[in-house]
Amino acid sequence: QVQLVESGGGSVEAGGSLRLSCAVSGYIYSPKCMGWFRQAPGKEREGVATIETAAGGTYYADSVKGRFTISQNNAKNTVYLQMNSLKPEDTAMYYCAATSWYCTDDYARVVDFGYWGQGTQVTVSS
């Protein structure tokens, strides 16, 4: 039973920071790629960042590049998203996701990820 559980969301003023965590569990769970997605009301879910679990290679959406950092712990059972210089446009429900496929270097698609967490809300005020 593979489970992804997000935490760390909350409300913050523009320019502030938040650190999201995704705890991964499952007896035979061994994802090759983990990612963060977000969905704002009335908008499609979009890829934010991914990390290759083996080599640590990362991908970032243009909208967050330079502000967000994705990482994982040494045991590779937790993935993080450090979010700095937050903007109101970053307000969304953030989801952790995993796939047995390797990451793609230049995009992250919802359809490529089969495992999802419940989401954690991030709200950035002006």
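Scope of this entry: the structure provided in the associated data block. (Residues numbered from 1 in each chain as written. Predicted model: local features only at pLDDT ≥ 70, side-chain atom pairs only at ≥ 80, totals over all residues. Heavy atoms only, no water.)

Some words on the overall build of the chain
Next up, step 1: Within the chain, the regular secondary structure consists of zero helices and eleven strands.
Next up, step 2: Reading the helices (α) and strands (β) of the chain from amino to carboxyl end gives β-β-β-β-β-β-β-β-β-β-β.
Next up, step 3: Against the 2.2 N^0.38 benchmark of 14 Å for 126 residues, the chain shows a C-alpha radius of gyration of 13 Å, consistent with a compact globule.
Next up, step 4: Counting every position in the chain, which comprises 126 residues, the buried fraction comes to 44%.
Next up, step 5: Considering only intrachain contacts with a sequence separation of at least 6, the fraction spanning at least 24 residues in the chain is 59%. (Helix = DSSP H or I, 4+ residues; strand = E, 2+ residues; numbered from the N terminus. Rg over C-alpha atoms; globule rule 2.2 N^0.38 Å. Buried < 20%, exposed > 50% of the residue type's maximum accessible area, 1.4 Å probe, protein only. Contact = heavy atoms within 4.5 Å.)

Focus on unusual backbone geometry
Next up, step 1: Non-glycine residue K76 carries a positive phi angle of around 60°.
Next up, step 2: Relative to the assigned elements, K76 resides in the loop between β7 (68-72) and β8 (78-83).
Next up, step 3: Positive phi values are uncommon outside glycine, yet S85 reaches one of about 50°.
Next up, step 4: Mapped onto the fold, S85 is located in the loop between β8 and β9 (92-99).

Observations regarding the pairing of strand β3 (residues 18-25)
Next up, step 1: Pairing between strand β1 (residues 3-7) and β3: five bridges, direction antiparallel. Its bridge partner lying in β3, E6 is registered against C22.
Next up, step 2: The pairing of β3 with β8 spans six bridges and is classified as antiparallel. Opposite R19, over in β8, you have Q82 as the bridge partner. (Pairing = 2+ DSSP bridges.)

So, the state of the cysteines
Working definition of a disulfide: a covalent bond connecting the sulfur atoms of two cysteines.
Next up, step 1: This model, assessed by the stated rule, comprises two disulfides.
Next up, step 2: The partner cysteine of C22 in its disulfide is C96, sulfur to sulfur 2.0 Å. Looking along the S-S bond of the C22-C96 disulfide, the torsion reads about -80°, which is the left-handed sense. Here C22, found in strand β3, pairs with C96, found in strand β9; they are 74 residues apart in sequence, far enough to count as distant. Of the two residues, C22 and C96, both sit in the buried class.
Next up, step 3: If one numbers only the bonded cysteines of the chain, in the order they occur, the disulfide pattern is 1-3, 2-4. (Disulfide = S-S within 2.5 Å.)

Concerning the environment of S11
Next up, step 1: Tracing the sequence through the fold places S11 in strand β2 (residues 10-13).
Next up, step 2: Sequence separation between S11 and T91 is 80 residues; the distance between their C-alpha atoms is 9.0 Å.

Shape is all these values report; function is a separate question.
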